[in-house]
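# What the coordinates show
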Amino acid sequence: MSASSVETTLTQGLEVAIAASAHSRSRKRRVRVLASQLGLLVLLLGGWQLAVGSDQLKIVLYGEPSGILAQLITWFREGTAIGPLWQQIAVTLEEALIGFVIGTALGIVSGIALGRIRFLAEVFSPYIKVLNSIPRIVLGSVFVLALGLGIESKILLVIVLVFFGVFFNAFQGVREVDRNFIANATILGASKWQVTRHVVLPSAFTWIVASLHVSFGFALIGAIVGEFLGGLQGLGELIKNAQGTFNANGVWAAMVIMGIIALIAEYFITRLENRLLRWRPPQLSGPEL
């Protein structure tokens with residue numbers, strides 16, 4: 001065996017060993033993080049349960065972890081006061097998803113258009129600022145009065161909540177594009193549409209995708225608030241009924257369901273982000289929020 005072959009073999013072996021060591025460290029770190037998360041959860045729930053104890057007044061006011069679990073089991077087995085639990089979840093998800101898709105699409109298109117066309121930005125800027133400053137709960141009440149108690153008013157509130165988050169990210173992402181890239185593409189003969197499609201949009205895509213993590217949370221909040229203000233079904237209506245009967249465990253149980261839905265949505269959005277942004281360099285290690 002020649003010296004070069006020996007050197008190549010040693011190099012390959014060293015690379016394999018380094019990769020295996022890195023994988024092992026990463027796996028141990030994930031285990032430590034998961035154990036710490038579970039430990040923190042047990043500490044919080046256990047402290048809550050001990051703080052409430054058997055004091056009936058505290059249970060009514062603050063609820064208790066064991067009562068929340070019992071409430072969830074009851075809802076799954078026997079249904080809720082306004083219908084089966086799966087139906088309430090389905091109604092809220094329908095409102096949130098439809099509004100999320102429409103609001104995201106409108107936010108992306110509007111953000112890119114105003115970011116690329118200065119005249120439009122100057123014309124619409126004061127109107128966008130005024131609309132963004134209006135409390136969303138006020139708009140929710142207006143939508144319920146105008147559109148009734150159906151899902152239309154909730155979807156419209158979700159659209160408003162999602163739109164502004166995506167719009168400002170898309171707008172800022174377009175404004176942050178390196179002007180040298182745009183100038184070079186223009187010199188090479190690219191049209192405005194080609195510059196937008198091949199230069200501006202890919203550069204702003206990181207900003208846009210990042211906004212989706214927060215926007216779905218807003219979509220869920222919009223659906224819940226809309227149902228709370230005036231609805232016939234959904235998790236928001238479930239929370240309102242629990243509040244009206246002083247059932248703190250029911251309020252917390254509905255919030256637990258909301259949290260689970262948000263975590264599942266976050267998982268799929270992260271998968272989508274990793275798939276769409278495979279071209280970007282590996283990020284520095286750090287907390288993923």
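Our subject is the structure that appears above.
Residues numbered from 1 in each chain as written. Predicted model: local features only at pLDDT ≥ 70, side-chain atom pairs only at ≥ 80, totals over all residues. Heavy atoms only, no water.

Among the nonpolar cores identified, the biggest contains 26 residues, and Trp-75, Leu-235, Ile-257 and Ile-261 are the most heavily contacted of them. Among the secondary structure elements, those contributing two or more residues to this core are α3 (65-78), α4 (85-116), α7 (151-175), α9 (192-229), α10 (235-244) and α11 (248-276). The element that contributes the greatest number of residues to this core is α11, accounting for seven residues. The contacts of Trp-75, once residues within four sequence positions are left out, are Thr-80, Leu-85, Leu-238, Gly-250, Ala-253, Ala-254 and Ile-257. Ala-121, Ile-128, Phe-164 and Phe-171 belong to the second largest nonpolar core, which has twelve residues in total. (Core = buried A, V, L, I, M, F, W, Y, C linked by side-chain atoms within 4.5 Å. Buried < 20%, exposed > 50% of the residue type's maximum accessible area, 1.4 Å probe, protein only. Helix = DSSP H or I, 4+ residues; strand = E, 2+ residues; numbered from the N terminus. Contact = heavy atoms within 4.5 Å.)

A contiguous nonpolar patch, built from Leu-57, Val-60, Leu-61, Tyr-62 and Phe-246 and spanning about 570 Å² of accessible area, is present on the exposed surface. When you line up the elements, Leu-57 lands in helix α2 (residues 56-62). Residue Leu-57 is classed as exposed on the basis of its relative accessible area, which comes to 56%. (Patch = residues over 30% accessible without salt bridge, like charges linked within 9 Å, V, L, I, M, F, W, Y side chains within 5 Å. Areas by Shrake-Rupley, 256 points an atom, 1.4 Å probe, with all protein chains shown as cover. Salt bridge = Lys/Arg side-chain N within 4 Å of Asp/Glu carboxyl O.)

For helix α5 (residues 118-133), built from 16 residues, the straight-helix expectation of 22 Å at 1.5 Å per residue is met to within 8% by its first-to-last C-alpha distance of 22 Å. In the structure, α5 departs most strongly from a straight axis at Phe-124, where the bend amounts to approximately 45 degrees and where the proline Pro-126 lies between one and four residues downstream. (Expected span 1.5 Å × (residues − 1). Bend = angle between axes of the 7 residues up to and from the residue.)

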